[in-house]
Amino acid sequence: MNILKTSFTILSLAVFNFTFAQYTDVINSNRPGVSRSAFSVGTKVLQFELGPYFVKEKRTPAPQNEVSGFGADFAIRYGLFLEQLEINIEGGYQNDTQTNISSFTTEEKRSNFRFLAFGAKYLIFDPYKKAADEKPNLYSWKANHAFRWKSLIPAVSVYLGANYDTKDNPFTAAGIEGISPKLIVATQHNFNGGWVFVMNLIKDRIGTDQSDFSYILTLTHSFNPQWVIFGETQGIKSDFVADNLIRFGGAYLWDKNLQLDTAVTFNTKDTPSVLNLTFGASYRLDFHKDKEIKPEEIDNGNSAKDEKKRKDREDNPKSKKRKKRKKDDDATEEDKTPKKQQREDEDFDN
């Protein structure tokens, strides 16, 4: 969730207002939530996100069962070619024990990927790009922190990817295997005061018997350049599973390339009830280089054509002659006085 979803960056510029470009001076992680921000990590940035977790599920109505175990969510992200483009691979591996409670109790040990996907995300609309040219009001704190209606216009990105599911996966519906398409639309609002709101609309395993639709709403708030908290709700709907999950947590910026985080996930039903505790980290290898700006591209109020005319005038012999004549006219009377006269004046004074 880009701290989260840029939350750290909002405060350094503002930590969510990352110079209004894809690349940020500090790491921009999707953790510890599960939503994806609209912005990429930046070109030539390789980022790793990992979150081990403990899970406990309990189904009270018949058939009763319990699940307990551990797992890890992970992501590898890379900014490719353009600032707006990111490729990534994401997944979640879980190892648990399912206990079925009936007239007699049985246990089943399970382990596999809950999901494994690879794809690309592209920013198709960035309303903050033009805002980067706006100058702050140096005389009014209130004006700089007041609500702006245009902040209701979000940045929008689209993710296209593919899932890979192995045969007889205990975490998917029966018969699900192989590759299936995945589509995500991600929006992001950056508000004054360190607030960021991210929304994901997800269509998963398209064309299969487990074609999930889900939404994720994430709100983050940065207190200072190091600490961020978040709240998140995730709704999932398909013929295989239906749930509404709630998450709370926070993150700490250890340094500009390392973020630590923690979160708790739960729901409000008993078919089954869910309790998940995660501790994670995000780290990036930053090979990003700012684009070199040629002198003629610098906006100094004059066009390249005007600069060329000015240079031609300076190099013109007539122009140099006029400058010399002006310099002579501006010389002091002492400068114009012949040296012989200056010596006579000095003798008289003595």
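Please refer to the structure placed before this passage.
Residues numbered from 1 in each chain as written. Predicted model: local features only at pLDDT ≥ 70, side-chain atom pairs only at ≥ 80, totals over all residues. Heavy atoms only, no water.

K.L.:
Summarise the overall build of the protein chain; cite the residues concerned and give the values.
P.N.:
Secondary structure summary: the protein chain contains seven helices and twelve strands in total. The buried share among the 350 residues of the protein chain stands at 39%. Per element, the accessible surface of the protein chain, about 20700 Å² overall, is 59% carbon and sulfur. (Helix = DSSP H or I, 4+ residues; strand = E, 2+ residues; numbered from the N terminus. Buried < 20%, exposed > 50% of the residue type's maximum accessible area, 1.4 Å probe, protein only. Areas by Shrake-Rupley, 256 points an atom, 1.4 Å probe, with all protein chains shown as cover.)

K.L.:
Residues and numbers for the environment of V156, please.
P.N.:
Among the structural elements, V156 can be located in strand 5 (residues 155-165). Looking at V156, the relative accessible area reads 18%, which means it is buried.

K.L.:
Just give me the short version of empty space enclosed by the protein, but keep the residues and values in it.
P.N.:
Here the largest cavity is characterised by a volume of approximately 40 Å³. Around the largest cavity sit N30, R36, R77, E86, N88, E90, K121 and Y159, which together line it. No other element matches strand 3 (residues 85-101), which puts three residues into the lining of the largest cavity. Its residues placed into classes, the lining of the largest cavity shows one nonpolar, two polar and five charged. (1 Å grid on protein atoms, 1.4 Å probe; cavity = no way out; pocket = protein on both sides within 12 Å on 5 of 7 lines; lining within 4 Å. Points joined across faces, edges and corners; volume = space filled by probe spheres on them. Nonpolar A, V, L, I, M, F, W, Y, C, P; charged D, E, K, R; others polar.)

K.L.:
Could you give an account of the packing of aromatic side chains, naming the residues involved and the relevant values?
P.N.:
Evaluation of the coordinates by the stated rule reveals five aromatic pairs. Ring geometry for Y93 and F113: centres 5.2 Å apart, planes at 80°, overall edge-to-face. Of this pair, Y93 sits in strand 3 while F113 sits in strand 4 (residues 105-125), and the two are 20 residues apart along the sequence. The exposure class assigned to F113 is partly exposed, which follows from its relative accessible area of 28%. Taking the centre distance of 4.7 Å and the plane angle of 50° together, the rings of W227 and Y252 count as tilted. With W227 in strand 9 (residues 227-237) and Y252 in strand 10 (residues 242-255), the pair connects residues that are 25 residues apart, well separated along the chain. (Phe/Tyr/Trp six-rings, centres within 6.5 Å; stacked < 30°, edge-to-face > 60°.)

K.L.:
Can you break down the pattern of salt bridges residue by residue, with the values?
P.N.:
If you walk through the whole model with that rule in mind, you get eleven salt bridges. For E90, the salt bridge identified is with R36, shortest N-O distance 2.7 Å. Here E90 is found in strand 3, whereas its partner R36 is found in the loop between helix 1 (7-12) and strand 1 (45-59), with 54 residues between them in sequence. Exposure remark for R36: the relative accessible area of 9% places this residue in the buried category. Residues R110 and D96 are paired through a salt bridge, measuring 3.0 Å at the closest nitrogen-oxygen approach. Of this pair, R110 sits in strand 4 while D96 sits in strand 3, and the two are 14 residues apart along the sequence. The same class applies to R110 as to D96, namely buried. A network of salt bridges, in which partner residues are shared, links E49, R77 and E86. (Salt bridge = Lys/Arg side-chain N within 4 Å of Asp/Glu carboxyl O.)

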